[in-house]
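Okay, here's what each chain looks like letter by letter:
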Amino acid sequence: MLARKSIIPEEFGLPGLVSRMPRKPVFRDRVNKARFIAKNGSCNLAHKNIREQGRFLQDVFTTLVDLKWRFTLVIFTTTFVSSWLLFAMSWWLVAFAHGDLEPERQNGTECVTDVKSFTSAFLFSIEVQVTIGFGGRMITEQCPTAITVLILQNIVGLIINAVMLGCIFMKTAQSNRRAETLIFSRHAVIAVRNNRLCFMIRIGDLRKSMIIGATVRLQVVRKTTTPEGEVIPIHQIDVQTESAVASNNLFLLAPLIICHVIDKNSPLYDLSAMELQCSDLEVIVILEGVVETTGITTQARTSYVSEEIQWGHRFVPIVTEEEGVYSVDYSKFGNTVKVATPRCSARELDEKPSILIQTLQKSELSHQNSLRKRNSMRRNNSMRKGAGSSGSLRRNNSGLISPKVQFFTPSEGGQNLNAVT
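Quick caveat, the model's predicted, so the values are computed rather than measured. (Residues numbered from 1 in each chain as written. Predicted model: local features only at pLDDT ≥ 70, side-chain atom pairs only at ≥ 80, totals over all residues. Heavy atoms only, no water.)

1. Focus: the overall build of the chain
The test is simple: Numbering goes from the N terminus for both helices and strands, where a helix is a DSSP run of H or I of at least four residues and a strand is a run of E of at least two. Per-residue accessibility, obtained with a 1.4 Å probe over protein chains only, is compared with the maximum for each type, and a residue is labelled buried under 20%, exposed over 50%, and partly exposed between these values. Any two residues whose heavy atoms approach within 4.5 Å are treated as being in contact. Computed with the Shrake-Rupley method and a 1.4 Å probe, the accessible areas treat only the protein chains shown as cover for residues.
Broken down by element type, the chain carries 10 helices and 15 strands. A total of 421 residues make up the chain; the buried ones form 30% of that total. Within the chain, contacts between residues at least 6 apart in sequence are counted, and of these 63% link residues at least 24 apart. Of the roughly 28,900 Å² of accessible surface on the chain, a fraction of 58% belongs to carbon and sulfur atoms.

Encoded structure:
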């Protein structure tokens, strides 16, 4: 059988209408990916398949400083014990070659007195290297070889002490220890400042000793593909901050808000609020400066992914003046409040400045409406309280109303009833 034609034309049917309806852009959920810089500043990068491992041994001191404490202490102990054992063997061989280990050997003719076994040679080796003189064992002038071994052990001991103590000092005075007191806000915000969309973060220093010549650098890291098809997994784009002047130095006396104006040169210029949540970009913040007390250059790092960027928020003020002293409330360091902000990108905002005006007008109207509602609710509550108080006064004063008293007075035409209260 032939298919029966419908009375309604196909272009006006449900499939035709659906196909011609304008579709909104569909944004897929962002795939969770590893971040390059963790919130504590550590780099999330693993080095694999390094064939030339000998390059690390060419710079032994830096390798020892970069090791963890447990490995440093193991190397520290092993080096000293090995040197003591090595020179203990040397002293035992010197005594053995000179015949000091024979029982009938008289005092005064040995290379080292009271060295009769390997244990006594080991104890003498420790005394020589760490300059401990107990007085029982000592070197004599009977053996020039023993004098040579003594000189060599002193030189080797001084070198080992210098390297190990310098390594421990550098590990305890590393610059990343000072970076622990340089803090960043948990979230970054995007809001309107001076009629421009701005990306803002807050930084602060918990210590009173300042960071001299502090500078802040922002970088956007994302995976990009060039027109030639080359895939760049870590494409770093420098982001200019608002305080970028000739020196770009910050006076980090109190917590500061670092602002990046989203303009034509910004990598965030084409991103709206919805597109930002679906993007895979990561904003890296690097704070560098010289520690005032030690003179060592320190660096603190953190990063913000799209989930940690709040659109339409602003940081609350935390610096107040109390009794002639400026105080900082660090409990509100990362607190933000919602503000009127267009949800469109900075490009759309530049092309249509009326969007910002409309957004601000709507915000002002909503603020006025909320104030009116609040005032009306206060009036109603006050009227209810007033009505309740007047009713209670009436009930309380009802017992105080004087009762009506009737007096009967005689008159010429009869008796009249006069009521007097």
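2. Points about the pattern of salt bridges
Counted only if it meets this: In what follows, salt bridge is the name for a side-chain nitrogen of Lys or Arg lying within 4 Å of a carboxyl oxygen of Asp or Glu.
The full count for this structure, using the stated rule, is seven salt bridges. In this structure, Lys39 and Glu308 form a salt bridge, with 3.4 Å as the shortest nitrogen-oxygen distance. Taken together, the positions of Lys39 in the loop between helix H1 (14-20) and helix H2 (54-57) and Glu308 in the loop between strand E8 (297-305) and strand E9 (309-311) put the pair 269 residues apart, joining distant regions of the chain. The shortest N-O distance in the salt bridge between Glu127 and Arg137 comes to 3.1 Å. Linking Glu127 in helix H5 (residues 118-129) with Arg137 in the loop between H5 and helix H6 (144-172), this pair joins segments that are 10 residues apart in sequence. Bridged by salt links that share partners, the residues Arg35, Lys39 and Glu308 form one connected network.

3. Here we look at the sheet that holds strand E7 (residues 282-291)
The line we're drawing: Strands pair, by our definition, only if DSSP identifies at least two bridges between them. The axes used here are C-alpha line fits, helices contributing only the stretch in contact, and every angle between their N-to-C directions lies in the interval 0 to 180 degrees.
The four strands are arranged E5-E4-E7-E8 in an open sheet whose pairing can be described as antiparallel. Each edge of the sheet is formed by a strand with only one pairing partner; in this case those strands are strand E5 (231-239) and E8. For this sheet, the mean angle separating the axes of adjacent strands, direction not counted, is 25 degrees.

4. Looking at the nonpolar core
Cut-off, in case you're wondering: The definition of a nonpolar core used throughout is a set of buried Ala, Val, Leu, Ile, Met, Phe, Trp, Tyr and Cys residues joined through side-chain atoms within 4.5 Å.
Residues Ile201, Ile203 and Ile309 are the most contacted members of the largest nonpolar core, which totals 38 residues. Ranked by the residues each element gives to this core, the list is headed by strand E4 (residues 211-225), at five residues. Filtering out sequence-adjacent residues up to four positions away, Ile201 remains in contact with Ser185, Ala188, Leu218, Leu256, Ile257, Ile258, Val285, Tyr304 and Phe315. In terms of nonpolar packing, the next biggest core, distinct from the first, is built from 13 residues, Trp91, Cys111, Phe124 and Val149 among them.

5. Observations concerning unusual backbone geometry
With glycine set apart, most residues show a phi of negative sign, and most peptide bonds adopt trans. Despite not being glycine, Asp114 has its phi angle at roughly 65 degrees, a positive value. Along the chain, the position of Asp114 falls in the loop between helix H4 (69-98) and H5. Residue Asn194 is not a glycine yet carries a positive backbone phi of 55 degrees. Along the chain, Asn194 falls in the loop between strand E2 (188-193) and strand E3 (196-205). With a relative accessible area of 63%, Asn194 lands in the exposed category.

6. Some thoughts on H4
Our working definition: Every helix has an expected span of 1.5 Å times one less than the residues it contains.
Counted at 1.5 Å a residue, the expected span for H4 with its 30 residues is 44 Å, and the 44 Å between its end C-alpha atoms agrees. All of the buried residues along H4 are Thr72, Phe80, Ser83, Trp84, Phe87, Ala88, Trp91, Val94 and Ala95. Where the residues of H4 are buried, they touch helix H3 (60-66), H5 and H6. Positive backbone phi, approximately 80 degrees, marks Gly99, located one or two places after H4.

7. A closer look at the confidence of the model for the chain
Convention followed: Scored from 0 to 100, pLDDT records how confident the predictor is in each individual residue.
Averaged over every residue, the pLDDT of the chain is 78; the share at 70 or more is 78%. Here residues 22-29 scores under 50 on pLDDT; set against residues more than four positions off or in separate chains, the count is four contacts. Scored below 50 in pLDDT, residues 397-421 shows 19 contacts in the model against residues more than four places distant or in partner chains.

8. Let's talk about the side chain of Glu127
Residue classification places Glu127 among the buried residues on the basis of a relative accessible area of 7%. Non-local contacts of Glu127, meaning those with residues more than four positions away in its chain, are made with Ile132, Phe134 and Arg137.

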